Amino acid sequence: MQRTYHKTIVIHPHTGQFVINELPTLVLCGTVWVYGGMEGLPLTAIATVIALMLSLLLLYRYLYLRRIRYCIGTEQLVSEYGIIRRKVDYMELYRIVDFQEHQSLLQQFCGLKTVSILSMDRNTPRLDLIGIFHRDDLVSIIRERVETNKRKKGIYEITNH
């Protein structure tokens, strides 16, 4: 029996995904900072406090996105995320049943996409890999590894077509 070894692929969401996710908050934060910096207008002190809070929120969300890591191994897809409390989800590749790729309008402008992986896993029936470069053909890589694992484990799909 021939053993297939694949190099582990580690992927992080692109930083542009942060701008896509947080665009309204970024605009609001910038606007409130500008208003808070103007003299002679009412409530500038409150606007500055709100801008500071929004800035801290944006910083947290940026760090959260940057700490997301997807590892595609030989037998598992591992998703790690979180800042203060890290969480790691393991998805056995042989449990994956389908894939979807989609792009929002802003993702199209930035050349990014979201790859959704649908599985029979109880804990993670759907895993979204966000902020992936559009040119990266992740689906075919994962699909090949899924098929290899299903063959290795003797799992065959039965359909009613």
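Residues numbered from 1 in each chain as written. Predicted model: local features only at pLDDT ≥ 70, side-chain atom pairs only at ≥ 80, totals over all residues. Heavy atoms only, no water.

- Under the annotation held in an unreviewed UniProt entry, the protein chain carries the name YdbS-like PH domain-containing protein and is attributed to Parabacteroides goldsteinii.

**Points about the side chain of T25**
Logical step 1: With respect to the element layout, T25 can be found in helix α1 (residues 16-37).
Logical step 2: For T25, a relative accessible area of 17% gives the class buried. (Helix = DSSP H or I, 4+ residues; strand = E, 2+ residues; numbered from the N terminus. Buried < 20%, exposed > 50% of the residue type's maximum accessible area, 1.4 Å probe, protein only.)

**Topic: the pairing of strand β4 (residues 87-92)**
Successive side chains on a regular strand alternate, one facing one side of the sheet and the next facing the other.
Logical step 1: Alignment of strand β3 (residues 76-81) against β4, held across 6 bridges, turns out to be antiparallel. Across the sheet, Y81 pairs through a bridge with K87, a residue of β4.
Logical step 2: As consecutive antiparallel partners, β3 and β4 are separated by 5 residues, and within that stretch G82 has a phi angle of approximately 115 degrees, a positive value. (Pairing = 2+ DSSP bridges.)

**Here we look at the nonpolar core**
Logical step 1: Formed by 23 residues in total, the largest nonpolar core has its most connected members in L77, I96, F99, I117, L129, L138 and I142.
Logical step 2: Contributions of two or more residues to this core are made by α1, α2 (44-66), β2 (69-72), β5 (96-102), β6 (112-119), β7 (126-133) and α4 (138-153).
Logical step 3: Among the domains, domain 1 (14-63) and domain 2 (70-151) are the pair contributing at least three residues each to this core.
Logical step 4: Apart from residues no more than four positions distant in its own chain, L129 is found in contact with Y70, K113, T114, V115, I117, L138 and I142. (Core = buried A, V, L, I, M, F, W, Y, C linked by side-chain atoms within 4.5 Å. Domains from an automatic or database assignment. Contact = heavy atoms within 4.5 Å.)

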